[in-house]
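# Structural features, examined
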Amino acid sequence: MTITSRTPEQLRLPRPAARLVARSPAGTRPYLELLRLDRPVGSWLLVVPGWIALGALAGPRDGVLLGAMLLVYGVLSRGAACGLNDVLDARFDAQVPRTAGRPVASGRLAAGRALVLCFAVGAAAPLVMGFWSVEAVVWAAAGAPLAAVYPYMKRVTHWPHVWLGITMNWTVPLVYVLLTGGFGLPGRVLYGALICWAVGTDVIYACQDREADVRAGVRSAAVLLGRHSRVLVGGVYAGCVVLLGWFGVAAGLGPLFWPGLGVVAGQLGWQVWRADPADAGSCGRAFATNPLCGLLVLVAVLAGRVGTLG
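Description of the structure in this document. Remember, predicted model here, so these are calculated numbers, not experimental data. (Residues numbered from 1 in each chain as written. Predicted model: local features only at pLDDT ≥ 70, side-chain atom pairs only at ≥ 80, totals over all residues. Heavy atoms only, no water.)

### A short note on the overall build of the chain
- If you tally the helices and strands in the chain, you get 18 helices and 0 strands.
- A compact globule built from 310 residues should have a C-alpha radius of gyration of about 19 Å, and the chain, at 19 Å, falls within 12% of that.
- When its C-alpha atoms are laid out on the principal axes, the chain stretches across 55 × 45 × 35 Å.
- For the chain, long-range pairs separated by at least 24 residues make up 73% of all intrachain contacts whose partners lie at least 6 apart in sequence. (Helix = DSSP H or I, 4+ residues; strand = E, 2+ residues; numbered from the N terminus. Rg over C-alpha atoms; globule rule 2.2 N^0.38 Å. Contact = heavy atoms within 4.5 Å.)

Take a look at the structure:
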């Protein structure tokens with residue numbers, strides 16, 4: 001079974017951020033694209049785990065303040081990580097139709113300039129957390145090595161998605177340590193649930209490029225499993241739902257959490273049904289719904305907390 005090949009333009013959904021970047025001055029556009037400011041889905045997937053942890057722990061004042069810091073930190077750190085990834089993977093990206101137009105792979109931006117921007121933005125990201133505390137800066141900076149190592153994982157293992165899940169959800173232990181002074185059972189269970197979610201979303205994402213990745217020598221679970229990738233996605237998504245249920249119990253969330261969890265399970269099930277590993281377009285569309293999925297988890301957690309006050 002072969003994967004239907006589609007161009008990046010065919011896979012791209014209309015996004016205000018993309019339109020804003022497209023209208024920016026030509027000289028700045030490669031830098032904005034390097035930081036993925038035209039594609040905010042990944043930033044959301046990095047920020048929302050921290051917001052979910054905030055939803056379970058914080059009051060309104062702390063939640064808004066720390067949530068705003070996490071948003072800025074997430075956009076900057078994700079941009080720096082993506083830029084570094086593009087520099088290290090330029091040779092591979094040039095061989096994959098969906099990524100061949102990226103600034104470094106296409107030659108529109110020199111690797112040296114890209115690295116300077118990545119290091120500057122990456123250094124600024126944890127400093128944003130200084131508005132909360134010095135400890136917050138230290139914990140935010142501790143996630144940087146995880147992101148720096150990620151580009152190499154797809155060279156040595158078919159399971160880079162697990163490392164990405166650990167990295168993308170770093171804001172969960174960060175929030176728990178800042179607000180509770182430790183990382184107890186509820187935080188660890190939530191971290192595990194969201195790692196499962198990230199693994200599933202990234203495998204769906206990787207299915208878009210499976211044939212090109214095989215030719216380029218890039219490893220992923222999509223390359224290893226082929227059309228059976230859907231079974232893996234279904235399994236880790238089921239694990240995500242089970243662990244979210246455990247989290248609801250461990251965190252003492254009220255009864256309103258459970259209908260929300262049912263909606264989350266339905267959305268994840270829809271992704272499994274919709275993301276055909278043989279159709280890059282269907283995988284792209286399923287992946288693009290994950291910001292909605294994250295929002296549904298957040299709403300379920302907030303509803304569960306309201307239920308405990310009622």
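### So, the packing of aromatic side chains
- Taken as a whole and judged by the stated rule, the model has 6 aromatic pairs.
- The interplanar angle of 55° and the centroid separation of 4.8 Å between the aromatic rings of Tyr205 and Phe287 together place this pair among those described as tilted. Taken together, the residues span a long stretch of sequence, with Tyr205 in helix 12 (residues 185-207) and Phe287 in helix 17 (residues 280-287) at a distance of 82 residues.
- Exposure remark for Tyr205: the relative accessible area of 25% places this residue in the partly exposed category. (Phe/Tyr/Trp six-rings, centres within 6.5 Å; stacked < 30°, edge-to-face > 60°. Buried < 20%, exposed > 50% of the residue type's maximum accessible area, 1.4 Å probe, protein only.)

### Examining the layout of surface pockets
- Roughly 250 Å³ of volume is contained in the second largest pocket.
- What lines the second largest pocket is a set of 14 residues, among which Trp51, Leu54, Gly55, Gly63 and Leu302 lie closest to the centre.
- Of the residues forming the lining of the second largest pocket, the biggest block, 5 residues, is contributed by helix 18 (residues 290-309).
- Residue composition of the lining of the second largest pocket, by class: 9 nonpolar, 4 polar and 1 charged. (1 Å grid on protein atoms, 1.4 Å probe; cavity = no way out; pocket = protein on both sides within 12 Å on 5 of 7 lines; lining within 4 Å. Points joined across faces, edges and corners; volume = space filled by probe spheres on them. Nonpolar A, V, L, I, M, F, W, Y, C, P; charged D, E, K, R; others polar.)

### Notes on empty space enclosed by the protein
- The tally for this structure, following the rule as stated, stands at 1 cavity of 30 Å³ or more.
- Counted as a void, the largest cavity has a volume near 50 Å³.
- Taken together, Ile204, Cys207, Ser229, Arg230, Val233, Val272, Ala275, Pro277 and Cys283 make up the full set of residues lining the largest cavity.
- Elements with a minimum of two residues in the lining of the largest cavity: helix 12 and helix 15 (229-250).
- The element contributing the most residues to the lining of the largest cavity is helix 15, with 3 residues.
- Here the residues of the lining of the largest cavity sort into 7 nonpolar, 1 polar and 1 charged.

### Thoughts on the environment of Pro145
- By the secondary structure assignment, Pro145 is in helix 9 (residues 144-156).
- The partly exposed category is assigned to Pro145, whose relative accessible area is 47%.
- Separated by 18 residues in sequence, Pro145 and Trp163 place their C-alpha atoms 11 Å apart.

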